[in-house]
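# Architecture at a glance
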Amino acid sequence: MAFFNRVVCNLSSKWASWDASSQLKPTSVGPFVPGKFVVPCHTRSNYSTLSTERSNDLKSKFMQVYDSIKFDLLHDPSFEFDDDSRQWVERMIDYNVPGGKMIRGLAVVDSYQLLNTEKLTDDGIFLSSVLGWCIEWLQAYLLVHDDIMDDSHTRRGHPCWFRLPEVGMIAVNDAVVLRSHIHRILKKHFSGKAYYVNLLNIFNEAEFQTVSGQMIDATTKLAGEKNLSKYSISTYRRIVQFKTSYYSLYLPVACALLMLGENLDDHADMKDILVEIGIYGQMQNDYLDTFGDPNVVSQTGSDIENSTCSWLVAKALELANEEQTKILCENYGTKDPAKVAKVIELYHTLNLQRVYEDYENKTREELIKSIEALPSKPIQQVLKSLLGKLYRMTH
């Protein structure tokens with residue numbers, strides 16, 4: 001789900017000033033002695049849509065903004081840092097915030113450029129990057145908590161933060177620290193803007209929606225219970241709508257619109273479409289979890305083992321007869337390879353690959369039709385860009 005493919009105009013003046021300031025503001029505050037664990041800071045993934053030199057340069061500039069934000073947080077005058085606390089927070093931020101594809105954060109900058117009908121300014125690109133990092137901070141906060149809840153072992157190819165022996169359940173507080181950083185960043189860079197309160201509201205709303213979606217997901221598969229009757233397409237849609245769509249798809253575009261002085265209430269239809277694009281994208285992800293080639297999609301499926309309320313199991317339960325439903329109930333949600341194989345075999349029997357392909361083609365056509373019905377051409381361009389990146393993820 002990559003969004004960032006727009007070429008940016010000359011940004012040399014302000015970026016040069018950031019480069020100079022970064023030389024005066026070191027991003028490393030010294031060695032972190034306890035445990036001496038390796039920090040996967042600034043991990044770069046193979047990001048296919050950033051293929052041109054300018055796009056790669058823009059991603060590099062995005063990382064420069066990260067360094068600037070981190071420096072400010074580590075020298076926030078509201079807290080009396082000592083060397084130990086500053087080192088801890090720096091390593092915690094580096095470990096959890098920038099290690100992914102940064103698709104949500106980059107989507108803010110991309111959307112801002114596509115929606116801006118006037119000349120792009122250095123300040124506008126910088127501020128849209130700051131908002132992008134606020135979403136990446138939100139993502140990091142959510143993932144640290146999510147990994148603890150799911151008792152996960154790895155994240156982005158590294159041990160989960162709480163799995164590090166030096167960390168443990170300190171990670172609970174670290175996640176809250178990450179969350180608090182969002183409002184420190186917003187206050188520093190946007191408190192003088194007319195849309196500052198709207199930014200606070202949209203971030204608070206996105207967080208509430210996401211954790212509420214997480215609640216639905218978690219209570220659908222309560223530990224010790226095995227009741228697949230809760231696994232329906234309607235339940236699945238609610239989980240994805242709140243847990244994923246709002247903060248992953250709507251929030252980046254909403255941030256860009258607020259920067260441009262737009263009233264979000266005037267874009268309810270756009271919001272509805274973005275929610276549907278988010279559901280569409282998550283369903284593709286669920287499909288790839290079981291049917292994707294790990295060498296191509298770089299992911300190892302675990303939805304069956306983790307008893308995830310995925311689109312595949314919800315659709316299978318919808319199509320299955322009584323005997324097939326019994327097979328699912330007996331084998332879904334276990335790490336036993338033989339039982340996992342039985343579930344996958346049933347998916348093949350129900351021809352879920354063809355069902356999904358039919359769904360994908362129909363849904364994409366409907367989404368394009370809905371997008372083209374919107375009155376704003378720039379918003380159409382943003383939504384088509386997002387949908388296009390999602391569609392290419394599976395082809």
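One can find the structure itself at the top, above this paragraph.
So, here is what we can say about the structure in this document. Here the structure is a predicted model, which is why all the values come from computation and not from measurement.

## Observations regarding the overall build of the protein
Helix and strand counts for the protein come out as 15 helices and two strands. When the 395 residues of the protein are sorted by exposure, 52% land in the buried category. The long-range share in the protein, meaning contacts at least 24 apart out of those at least 6 apart in sequence, stands at 77%. With the model as given, the accessible surface of the protein reaches about 18,700 Å², and the carbon-plus-sulfur share is 50%.

## Digging into the pattern of salt bridges
Per the counting criterion, the structure on display carries 13 salt bridges. Between arginine 91 and glutamate 90 there is a salt bridge; the shortest N-O distance is 3.1 Å. Put simply, aspartate 146 and arginine 155 hold a salt bridge, and the shortest N to O gap is 3.8 Å. One continuous salt-bridge network, built from bridges that share partners, spans Lys70, Glu90, Arg91 and Asp94.

## Structural notes on helix H13 (residues 337–349)
Here H13 spans 18 Å end to end across 13 residues, near enough to the 18 Å set by a 1.5 Å rise per residue. Considered for burial, the residues of H13 that qualify are Val340, Val343, Leu346 and Tyr347. Taken end-on, H13 shows its buried residues confined to a sector of 120 degrees, consistent with a single buried face. In H13, the exposed positions that point more than 90 degrees away from the buried face belong to Pro337, Glu345 and Thr349. Packing partners of the buried residues in H13 comprise helix H9 (268–291), helix H11 (311–319), helix H12 (322–331) and helix H14 (352–372). Downstream of H13 by a residue or two, asparagine 351 has a phi angle that is positive, lying close to 55 degrees.

## What about the packing of aromatic side chains?
Following the criterion strictly, the structure yields 15 aromatic pairs and no others. Centroid distance phenylalanine 79 to phenylalanine 81: 4.7 Å. Interplanar angle 85 degrees. Geometry classified as edge-to-face. Ring centres 5.9 Å apart and planes at 70 degrees place the aromatic pair tryptophan 88 and tryptophan 161 in the edge-to-face group. You can see tryptophan 88 sitting in helix H3 (residues 83–96) and its partner tryptophan 161 sitting in the loop between strand S2 (158–159) and helix H6 (170–190), a full 73 residues away along the chain. The burial state of tryptophan 88 is the same as that of tryptophan 161; both residues are buried. By way of ring pairs, the aromatic residues Tyr287, Phe291, Trp311, Tyr356 and Tyr359 are connected into one cluster.

## A closer look at H14
Taking 1.5 Å per residue, 21 residues should reach 30 Å; H14 reaches 30 Å between its end C-alpha atoms and fits that length. Taken together, the buried positions of H14 are Leu352, Tyr356, Glu360, Thr363, Leu367 and Ile371. Each buried residue of H14 sits inside an arc of 85 degrees when the element is viewed along its axis, so together they form one side. In H14, the exposed residues that point more than 90 degrees away from the buried face are Lys362, Glu365 and Lys369.

## Here's the deal with the environment of methionine 63
Structurally, methionine 63 can be placed in helix H2 (residues 53–74). In this structure methionine 63 comes out as buried when scored by relative accessible area, which is 2%. Residues methionine 63 and tryptophan 133, 70 residues apart in the sequence, show an inter-C-alpha distance of 9.3 Å.

## Some thoughts on unusual backbone geometry
In this model, aspartate 151 sits at a positive phi of 55 degrees, which is unusual for a non-glycine residue. Within the secondary structure, aspartate 151 sits in the loop between helix H5 (122–150) and strand S1 (154–155). Assessed through its relative accessible area of 48%, aspartate 151 is described here as partly exposed. The backbone of serine 307 shows a phi angle near 60 degrees, a positive value even though the residue is not glycine. Mapped onto the secondary structure, serine 307 falls in the loop between helix H10 (294–297) and H11. Serine 307 gets classed as buried once you look at its relative accessible area, which sits at 16%.

## Here we look at the side chain of glutamine 139
Note on placement: glutamine 139 falls in helix H5. Take glutamine 139: its relative accessible area is 8%, and that puts it in the buried class.

## So, the packing of helix H4 (residues 103–115) against helix H8 (residues 233–259)
Between H4 and H8, the shortest axis-to-axis distance is 8 Å and the interhelical angle comes to 40 degrees. Regarding the angle of H4 to H8, the classification is oblique. Along this stretch, H4 crosses H8, giving a crossing that reads as right-handed. The segment H4 lies against H8, with Arg104, Ala107, Val108, Ser111, Tyr112 and Leu115 engaging Tyr247, Ser248, Pro252, Val253, Cys255, Ala256, Leu257 and Met259.

Each value, and the rule that gives it
- Residues numbered from 1 in each chain as written.
- Predicted model: local features only at pLDDT ≥ 70, side-chain atom pairs only at ≥ 80, totals over all residues.
- Heavy atoms only, no water.
- Helix = DSSP H or I, 4+ residues; strand = E, 2+ residues; numbered from the N terminus.
- Buried < 20%, exposed > 50% of the residue type's maximum accessible area, 1.4 Å probe, protein only.
- Contact = heavy atoms within 4.5 Å.
- Areas by Shrake-Rupley, 256 points an atom, 1.4 Å probe, with all protein chains shown as cover.
- Salt bridge = Lys/Arg side-chain N within 4 Å of Asp/Glu carboxyl O.
- Expected span 1.5 Å × (residues − 1).
- Arc of directions from axis to C-beta.
- Phe/Tyr/Trp six-rings, centres within 6.5 Å; stacked < 30°, edge-to-face > 60°.
- Axes fitted to C-alpha atoms, helices over the stretch in contact; angles between N-to-C directions.
- Parallel < 35°, antiparallel > 145°, perpendicular 65-115°, else oblique.
- Left-handed = near helix turned anticlockwise from the far one by under 90°.

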